[in-house]
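Examining the three-dimensional arrangement
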Amino acid sequence: MISTSVRIAAPPEVVFPYFTDPQLLVTWIGDRADLDARPGGTFAVDFGDTAARGSYVAVEPPHRVVFTWGIPQDPTLPPGSSTVEVVLVADGGDTIANLTHRDLPPDREPSHREGWERCLALLAAAVCQ
Amino acid sequence: MTPEPEEPEAPAGPDAVLRALADPHRREILRLVQHAELPAGQIAAHFDLTQQAVSQHLTVLKRAGLLAERREGTRRLYSLRSESLQPLRTLLDEFWPDAFARLKQSVEQAHPRTEERGPT
């Protein structure tokens, strides 16, 4: 499981569309996005030659969005296999954005080779930013 | 001074690893040797590249610490060095935090907070 959070100097109403509007999403992740922000709708982001694919599970503006996440070329992390949950909490006029990425394959062990493909795919994504 | 020995044994930093990964052919080579140790010729057979080009890719991967090389008679066999995963794991852990840092920057640039001023 990976989790992270950040404080953003804007209210959740402003931050939320950055997870649902393709033009806003690509300002911070990937370089092309195809989003259909409703439960069951497509979540597709391309990073250079790497693709992240999934679908929205929950879309609850302006506080919570959940989507699945996978890499089609990666047998250890097929589309739909892992889940990203974002919770936006208002704090004064700011937003605390919390992200949790669950159901990732177990790869803490360096000797765990199954994790390799996924590292590669996600890294390629990171490099292609 | 003693000359620096060639040091594929020293763990390469994430920069060397990233540079090595920033090429689709090299990523494909790593996929090939992920589960099986393969001779150079068999790796080369997967690509429309000259043997020399493949050999250069193998050298880059070796220097980055991503590949282990073993001689068996006249053949050189290559396999993934799983220890090389460690710096990658660190970078992977930074994937979402990095993304969120960009999100913050993007939102705050698009929505600059006006200076708090008294009512006019």
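Presented here is a report on the structure given in the accompanying data block. Note that the structure is a prediction, hence the values are computed from the model and not measured.

1. What to know about the overall build of chain A
The secondary structure content of chain A amounts to three helices and seven strands. In chain A, which comprises 129 residues, the proportion classed as buried is 37%. Once local pairs closer than 6 in sequence are excluded, the contacts in chain A between residues at least 24 apart make up 39%.

2. Section: the overall build of chain B
Scanning chain B for helices and strands turns up six helices and three strands. Reading the secondary structure of chain B in the N-to-C direction produces α-α-β-α-α-β-β-α-α. Sorting the 120 residues of chain B into buried and exposed places 25% on the buried side. Considering only contacts in chain B between residues 6 or more positions apart, those separated by 24 or more positions represent 59%.

3. Here we look at the sheet that holds strand β3 (residues 75-80) of chain B
Residue and element names in this part refer to chain B. Taken in spatial order, the three strands line up as β1-β3-β2 in an open sheet, and their pairing is antiparallel. Two strands in the sheet have a free side with no partner beyond their single neighbour: β1 (38-39) and β2 (67-72). In terms of strand pairing, β2 meets β3 through six bridges, oriented antiparallel. The residue bridging Leu-67 from the neighbouring strand is Leu-80, located in β3.

4. Re the pairing of strand β4 (residues 50-60) of chain A
Residue and element names in this part refer to chain A. Pairing of strand β3 (residues 42-47) with β4 involves six bridges; the strand directions are antiparallel. If you follow Phe-47 over to β4, its bridge partner there is Thr-50. Bridge count between β4 and strand β5 (residues 64-69): four bridges; the pairing is antiparallel. When the bridges of β5 are listed, Glu-60 appears paired with Arg-64. Taking the residues that link successive antiparallel strands as the turn, the β4-β5 hairpin has three residues.

5. Considerations on the environment of B:Gln42
Among the structural elements, B:Gln42 can be located in helix α3 (residues 40-44). For B:Gln42, a count of 15 C-beta atoms within 10 Å corresponds to the partly exposed category.

6. Looking at the sheet that holds β5(A)
Strand order across the open sheet formed by seven strands is β1-β7-β6-β5-β4-β3-β2 (chain A), with antiparallel pairing between neighbours. One side of each edge strand has no neighbouring strand; the edge strands of this open sheet are β1 (2-8) and β2 (32-35) of chain A. For this sheet, the mean inter-axis angle between neighbouring strands, taken without regard to orientation, is 20°. With four bridges joining them, β2(A) and β3(A) adopt antiparallel strand pairing. Among the inter-strand pairings, A:Asp34 is bridged to a residue of β3(A), identified as A:Ala44. Taken strand by strand, helix α6 (residues 95-110) of chain B contacts β1 and β7 (94-102) of chain A, and its axis lies near 20° from that of β1(A).

7. Brief notes about the pairing of strand β6 (residues 82-91) of chain A
All names here are of chain A. Bridge count for β5 against β6 is six bridges, and the pairing is antiparallel. Directly across from Phe-67, in β6, lies its bridge partner Val-84. Taking the residues between adjacent antiparallel strands as the criterion, β6 and β7 are bridged by two residues, where Gly-92 takes a positive phi near 65°.

Cut-offs and rules
- Residues numbered from 1 in each chain as written.
- Chains lettered and ligands numbered in written order.
- Predicted model: local features only at pLDDT ≥ 70, side-chain atom pairs only at ≥ 80, totals over all residues.
- Helix = DSSP H or I, 4+ residues; strand = E, 2+ residues; numbered from the N terminus.
- Buried ≥ 20, exposed ≤ 12 C-beta atoms within 10 Å, placed from the backbone.
- Contact = placed C-beta atoms within 7 Å.
- Pairing = 2+ DSSP bridges.
- Axes fitted to C-alpha atoms, helices over the stretch in contact; angles between N-to-C directions.

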